[in-house]
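Read off the chains here:
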Amino acid sequence: MSTIIKAENLGINFSISKSRGSFKVFLKQLFKKKDNKMFWALRNVSFEIQKGEILGVVGANGSGKSTLLRIIGGIYKADEGQIIVNGTPSALLSLGTGFRPELSGLENILLNGIMLGFTESDVRAQMDNIIDFSELDRFIHEPVKNYSSGMKARLGFSIAAYLNKEIMLIDEVLGVGDRSFKRKSQKKMTELIEDKSKTVIIVSHNLDSIREYATKVLWIDKSKFMMLDEPDKVIEAYIKTQ
Amino acid sequence: MGKLLEEIKGIYQKRDLIRHLVFTDLKTHYKGTFLGFLWMILDPLFMMLVYVVLVSVVFQRGGPQFPILLFSALIGWRWFLQSSTNSLRTYISNGKLIQTIDVPLSIFPITKVLLSMTTFLASFVPLIPMLFVFDATINLNFLWLPVLIFAQLIFVLGISLIFSVAGIYFSDLNNIMQFVLKLWFYFSPALYNISAIPEKYYHYYMVINPFAALFESYKNVLVYGTAPNEYMILFLAEGVLFTLLGLKWIVSSRSFIVKNI
């Protein structure tokens with residue numbers, strides 16, 4: 001087995017006072033003045049994931065789960081500690097991010113795929129699968145602004161289901177749409193998650209699905225590392241504090 | 001320095017995305033208008049017409065070649081104006097995307113530069129017949145044109161990269177720039193001839209205002225059939241400097257930008 005992600009004492013801080021659009025902030029940065037009004041969104045978090053493993057991340061709202069996903073995805077750089085990611089992560093963060101409302105569903109599939117780091121021919125090769133799965137039929141040629149929110153979610157999910165890389169970051173999206181599509185998308189998700197060539201990190205409040213999928217669970221609370229162990233043990237301990 | 005090279009490498013790797021973003025922006029910009037892409041040609045023509053009415057008709061100045069001289073400078077100005085003002089808010093308007101996928105931030109201002117460059121290039125469709133109508137001197141000096149366009153690309157890129165980060169730190173910049181850029185245009189030799197500047201101030205004027213060299217060069221190459229203005233060297237050097245500074249600023253502010261948009 002090869003290590004895909006190795007995080008050691010990961011920490012990231014955000015400033016409370018700092019906000020964009022302020023001249024004062026600019027001057028402070030220019031003179032490298034240390035900002036003392038910091039809070040750590042994540043601190044002292046360590047874990048290791050092997051290829052094919054599924055890491056579930058649990059914790060109350062605002063505990064730093066999504067921040068952790070963003071660090072793994074390369075969007076935030078850690079301020080403390082280090083993280084090694086062997087492979088390309090693809091974020092399934094919020095489905096439909098980057099959709100252009102004036103463009104058709106078809107054009108949005110292409111643009112979204114390229115944003116996710118695929119080449120145009122990669123996307124075109126999966127185009128029929130994506131359109132079929134989304135069940136949008138002729139609506140695929142309509143501008144996305146005319147879609148219902150369910151249709152948008154279906155399109156977003158279908159793109160994510162067929163265009164993903166070896167490391168999948170899943171933030172609360174295990175099934176979307178109406179009843180029948182929800183069942184179908186959950187089935188597809190299970191298929192993807194259980195694919196041994198993929199390494200998966202799932203953030204969810206749904207403890208049942210975490211228990212079902214995860215091979216290992218990380219619990220963080222108020223930005224701090226709490227526990228990393230077998231799913232049953234961690235979830236049991238986590239439930240007790242709720 | 002290593003981070004700077006990494007950013008440049010990242011931009012190159014994301015060239016497909018840049019191309020698609022430009023194409024998408026172009027398509028969505030004119031979608032829903034009756035005349036569509038024709039506006040790319042009509043917009044600068046109408047703007048020129050407004051100034052021609054003002055200068056030639058109201059003030060009775062400018063001379064017979066005024067429309068073509070103005071147009072040669074105006075299209076370059078519009079390229080700069082659109083890129084730089086659109087770059088001010090580019091990270092904020094792409095905030096959700098930036099917090100979802102890992103891309104070099106500079107691709108967003110670069111997209112804006114290329115988008116307005118496309119509009120600039122489209123302006124040559126009306127420009128070429130106008131050169132004949134207004135009796136421009138066309139000779140081998142016309143071959144300087146690609147060099148001028150390249151120099152302007154570098155300069156516009158530099159300013160747009162810098163503005164993209166500056167817009168994050170100073171929210172008021174958008175309002176201030178509307179005013180400053182208008183003044184800058186009047187300060188540049190587009191509505192008037194460079195000979196209006198007194199001889200003894202010429203050198204200072206050319207050094208202070210990079211657009212003076214650019215506008216003069218466009219007029220020389222397109223209309224008068226002469227070589228570009230010698231201050232273009234300075235213009236190009238400033239462009240390279242601004243581009244490097246802009247990239248460096250983006251790289252060093254990346255963490256702040258991503259956390260605070």
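Structure: above.
In this report, we go over the structure that sits alongside the text. This is a predicted model, so every value here is computed, not measured. (Residues numbered from 1 in each chain as written. Chains lettered and ligands numbered in written order. Predicted model: local features only at pLDDT ≥ 70, side-chain atom pairs only at ≥ 80, totals over all residues. Heavy atoms only, no water.)

1. Observations regarding the overall build of chain B
The helix and strand tally for chain B stands at 13 helices and zero strands. Seen in sequence order, chain B has helices and strands lined up from the N terminus as α-α-α-α-α-α-α-α-α-α-α-α-α. Its C-alpha radius of gyration of 19 Å places chain B within 12% of the 18 Å reference for a compact globule of 261 residues. Projected onto the principal axes, the alpha-carbon positions of chain B cover approximately 55 × 50 × 35 Å. In chain B, which comprises 261 residues, the proportion classed as buried is 56%. Long-range contacts, defined as pairs at least 24 residues apart, comprise 78% of the intrachain contacts of chain B with a sequence gap of at least 6. Element-wise, carbon and sulfur atoms account for 69% of the exposed surface of chain B, whose accessible area totals about 12300 Å². Looking at chain B, you have 18 positive and 12 negative side-chain charges, and the mean spots of the two groups are 9 Å apart. (Helix = DSSP H or I, 4+ residues; strand = E, 2+ residues; numbered from the N terminus. Rg over C-alpha atoms; globule rule 2.2 N^0.38 Å. Buried < 20%, exposed > 50% of the residue type's maximum accessible area, 1.4 Å probe, protein only. Contact = heavy atoms within 4.5 Å. Areas by Shrake-Rupley, 256 points an atom, 1.4 Å probe, with all protein chains shown as cover. Lys, Arg positive; Asp, Glu negative; His and termini not counted. Charge placed at Lys NZ, Arg CZ, Asp CG, Glu CD.)

2. A short note on the interface of chain A and chain B
Contacts between the two partners involve 35 residues from chain A, matched on the other side by 31 residues from chain B. Interface area, chain A with chain B, both sides summed: about 3000 Å², of which 60% is carbon and sulfur. Joining chain A to chain B, the criterion identifies four salt bridges. Aspartate 25 of chain B serves as the salt-bridge partner of arginine 100 of chain A, at 2.9 Å between the closest nitrogen and oxygen. Counting across the interface, chain A meets chain B through six residue pairs in polar contact (both at pLDDT 80 or more). (Buried area = accessible area lost by both parts, 1.4 Å probe. Salt bridge = Lys/Arg side-chain N within 4 Å of Asp/Glu carboxyl O. Polar contact = N/O pair within 3.5 Å; in protein donor to acceptor, adjacent residues only side chain to side chain.)

3. Digging into the nonpolar core
Ranked by internal contacts, the top residues of the largest apolar core, which has 135 residues, are Phe47, Ile109, Leu155 and Ile201 of chain A. Looking at this core element by element, the count peaks at 15 residues for helix H9 (residues 145-169) of chain B. Inspection of this core shows a minimum of three residues originating in each of domain 1 (3-87 + 210-239) and domain 2 (92-200) of chain A. Beyond its immediate chain neighbours, meaning those up to four positions away, isoleucine 109 of chain A contacts Val123, Met127, Ile130, Ile131, Ile140, Leu155 and Ile159 of chain A. Ile54, Phe157, Phe181 and Met189 of chain A belong to the second-largest nonpolar core, a separate cluster that totals 23 residues. (Core = buried A, V, L, I, M, F, W, Y, C linked by side-chain atoms within 4.5 Å. Domains from an automatic or database assignment.)

4. Digging into the pairing of strand S1 (residues 3-15) of chain A
Remark: a regular strand shows side chains that alternate across the two faces of the sheet. All names here are of chain A. Examined bridge by bridge, S1 and strand S2 (residues 38-50) share nine bridges and lie antiparallel to one another. By the bridge assignment for S2, leucine 10 is matched with valine 45. Taken together, the five bridges between S1 and strand S4 (residues 80-85) define a ladder with antiparallel strand orientation. When the sheet's bridge partners are listed, alanine 7 is paired in S4 with isoleucine 83. (Pairing = 2+ DSSP bridges.)

5. Observations regarding the packing of helix H7 (residues 107-122) of chain B against H9 of chain B
Residues and elements named next belong to chain B. At a closest axis distance of 9 Å, the pairing of H7 and H9 adopts a crossing angle of 140 degrees. You can see that H7 and H9 cross each other, and the crossing is right-handed. Listed contacts from H9 to Pro109, Ile110, Val113, Met117, Phe120 and Leu121 of H7 are Ile149, Gln152, Leu153, Val156, Leu157, Ser160, Leu161 and Ser164. Residue composition of the contact of H7 with H9, by class: 11 nonpolar, three polar and no charged. (Axes fitted to C-alpha atoms, helices over the stretch in contact; angles between N-to-C directions. Left-handed = near helix turned anticlockwise from the far one by under 90°. Nonpolar A, V, L, I, M, F, W, Y, C, P; charged D, E, K, R; others polar.)

6. Concerning helix H12 (residues 210-224) of chain B
Residues and elements named next belong to chain B. Here H12 contains 15 residues, and its C-alpha end-to-end distance of 20 Å stays within 8% of the 21 Å for a straight helix at 1.5 Å per residue. Buried residues dominate H12, accounting for 14 of its 15 residues. Just downstream of H12 lies glycine 225, where phi reads positive at about 70 degrees. (Expected span 1.5 Å × (residues − 1).)

7. Some points on the packing of helix H4 (residues 66-87) of chain B against H12 of chain B
Residue and element names in this part refer to chain B. Between H4 and H12, the shortest axis-to-axis distance is 9 Å and the interhelical angle comes to 135 degrees. If you check the angle between H4 and H12, you find them oblique. In the crossing of H4 with H12, the sense of the turn from one axis to the other is right-handed. For the pair H4 and H12, contact is made by Ile68, Leu69, Ser72, Ala73, Gly76, Trp77 and Phe80 and by Phe211, Phe215, Tyr218, Lys219, Leu222, Val223 and Tyr224, respectively. For the contact of H4 with H12, the class distribution of residues is 11 nonpolar, two polar and one charged. (Parallel < 35°, antiparallel > 145°, perpendicular 65-115°, else oblique.)

8. Focus: the pattern of salt bridges
Close approach of charged atoms lets side chains of opposite charge pair. What the rule picks out here adds up to 17 salt bridges over all chains. In this structure, glutamate 135 of chain A and lysine 184 of chain A form a salt bridge, with 2.7 Å as the shortest nitrogen-oxygen distance. Of the two residues, glutamate 135 of chain A is situated in the loop between helix H4 (120-134) and helix H5 (149-162) and lysine 184 of chain A in helix H6 (residues 179-194); the sequence distance between them amounts to 49 residues. Take glutamate 135 of chain A: its relative accessible area is 37%, and that puts it in the partly exposed class. When its relative accessible area of 27% is taken as the criterion, lysine 184 of chain A is described as partly exposed. Residue glutamate 216 of chain B is joined to lysine 219 of chain B by a salt bridge in which the shortest nitrogen-to-oxygen separation is 3.8 Å. Highlighted residues: glutamate 216 of chain B and lysine 219 of chain B, both in helix H12, separated by three residues, approximately one helical turn. With respect to burial, glutamate 216 of chain B and lysine 219 of chain B carry one shared label: buried. The structure contains a network of salt bridges with shared partners spanning Glu120 and Arg124 of chain A together with Asp16 and Arg19 of chain B.

9. Details of helix H8 (residues 231-241) of chain A
Every α-helix winds through 3.6 residues per turn, so residues three or four apart in the chain are directed the same way. Residue and element names in this part refer to chain A. Along H8, the residues that are buried comprise Pro231, Val234, Ile235 and Tyr238. Down the axis of H8, the smallest arc covering the buried residues is 95 degrees, so these residues share one side. Where H8 is buried, its residues meet strand S3 (54-58), helix H7 (207-213), strand S8 (216-221) and strand S9 (224-229). (Arc of directions from axis to C-beta.)

10. Focus: a nonpolar patch on the surface
A grouping of Val53, Leu54, Val57, Val58 and Phe59 of chain B is seen on the molecular surface, where their side chains present a nonpolar patch of about 460 Å² in accessible area. For valine 53 of chain B, the location among the structural elements is in helix H3 (residues 39-58). (Patch = residues over 30% accessible without salt bridge, like charges linked within 9 Å, V, L, I, M, F, W, Y side chains within 5 Å.)

11. Quick word on unusual backbone geometry
All names here are of chain A. For asparagine 9, which is not glycine, the phi torsion reads 50 degrees and is therefore positive. Structurally, asparagine 9 is set in strand S1. The exposure class of asparagine 9 is partly exposed, given its relative accessible area of 43%.

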